[in-house]
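Spelled out from the first residue to the last, the chains are:
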Amino acid sequence: MTTMGYRVLAVDDSSTVRAIIAKSLRLSGVEVSRFDEASSGEEGLALLRAGGFDLVFCDLNMPGMTGFELVESMRRDGLLERVAVVIVTSLGDCAALEELMAKGVRAYLRKPLRPEQLRRLMNNVMGVKHESQS
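Described below are features of the structure shown in this document. Treat the numbers as computed from the prediction; the structure is a model and nothing was measured.

**Section: the sheet that holds strand S4 (residues 84–89)**
Whether parallel or antiparallel, the strands of a sheet pair through hydrogen bonds between backbone atoms.
Item 1. Pairing in this open sheet of five strands is parallel, and the strands run S2-S1-S3-S4-S5 from one edge to the other. In this open sheet, the two strands that pair with only one neighbour each are strand S2 (32–38) and strand S5 (107–110). Averaged over all pairs of adjacent strands, the angle between their axes in this sheet comes to 20°, without regard to strand direction.
Item 2. Taken together, the four bridges between strand S3 (residues 55–58) and S4 define a ladder with parallel strand orientation. Bridging across to S4, Leu55 finds its partner in Ala84.
Item 3. Packing against the sheet, helix H1 (residues 15–28) makes contact with strand S1 (6–11), S2, S3 and S4, and its axis sits at approximately 170° to S2.
Item 4. Where helix H5 (residues 115–127) meets the sheet, its contacts fall on S1, S3, S4 and S5, and the angle it forms with S5 comes to roughly 175°.

Right under this line is the structure:
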C-alpha cells in the first residue's frame, strides 16, 4: 500500500468490538487513513459496494446478514478480489473457517484481539494481497 495508509472497515454488531478493533489498529502502529464501521452485514455490504476499502474486519455471528453471508455476497460481487477480508470471531469451528478461507477470506483472528497480533496479521495479509490468484 502507499504511505497514505490502509482504508479499513470493521463490520460487527458489537460497538465494543468495533472500538477494540479501532484501538488495536492505533496501538499496532499500522497506518490507517480511513476507518469506518458497520453494525450489520447489510450496512457493511452497502459501504463495500460504494468502494474505497483495502481491508475488512468482519464478525461471523450477526443478526440479519451474517458474516458468512457477507463473504458470499462479496464473492458474488467480485469484491473479494479487491478487498482483503479478515474474520474476527470467537467461533472455534475450524471447518467453517477453512471453508471461508477457501472462498477467499485472507485470515481470521480469535477474540480478544491484541495490537501486536493485529500488526503481524496486517503485514501478512496486505503483503500477500495479490498472491491469491495465481
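From this point on, the discussion continues.
**Digging into the nonpolar core**
Item 1. Leu48, Leu70, Met74 and Ile87 are the most contacted members of the largest nonpolar core, which totals 22 residues.
Item 2. Those elements that provide at least two residues to this core are S1, helix H2 (41–50), S3, helix H3 (67–77), S4 and helix H4 (94–103).
Item 3. Of the residues forming this core, the biggest block, three residues, is contributed by H3.
Item 4. Setting aside residues no more than four positions away along its own chain, Leu48 makes contact with Leu9, Phe53, Val56, Leu70, Met74, Leu79 and Val83.
Item 5. Ranked by size, the runner-up nonpolar core spans 20 residues in total, among them Ile21, Leu55, Val88 and Val125.

**Some details on the packing of H2 against H3**
Any two packed helices are characterised by the angle at which their axes cross and by the distance between the axes.
Item 1. Where H2 meets H3, the closest approach of the two axes is 10 Å, and the angle between their N-to-C directions is 25°. Taken together, the axes of H2 and H3 are roughly parallel relative to one another. Like other packed secondary-structure pairs, H2 and H3 cross with a definite hand, here right-handed. Taken together, the residues of H3 that come into contact with H2 (itself represented by Gly41, Leu45, Leu48 and Arg49) are Leu70, Ser73, Met74 and Asp77.

Calculation notes
- Residues numbered from 1 in each chain as written.
- Predicted model: local features only at pLDDT ≥ 70, side-chain atom pairs only at ≥ 80, totals over all residues.
- Heavy atoms only, no water.
- Pairing = 2+ DSSP bridges.
- Helix = DSSP H or I, 4+ residues; strand = E, 2+ residues; numbered from the N terminus.
- Axes fitted to C-alpha atoms, helices over the stretch in contact; angles between N-to-C directions.
- Contact = heavy atoms within 4.5 Å.
- Core = buried A, V, L, I, M, F, W, Y, C linked by side-chain atoms within 4.5 Å.
- Buried < 20%, exposed > 50% of the residue type's maximum accessible area, 1.4 Å probe, protein only.
- Parallel < 35°, antiparallel > 145°, perpendicular 65-115°, else oblique.
- Left-handed = near helix turned anticlockwise from the far one by under 90°.

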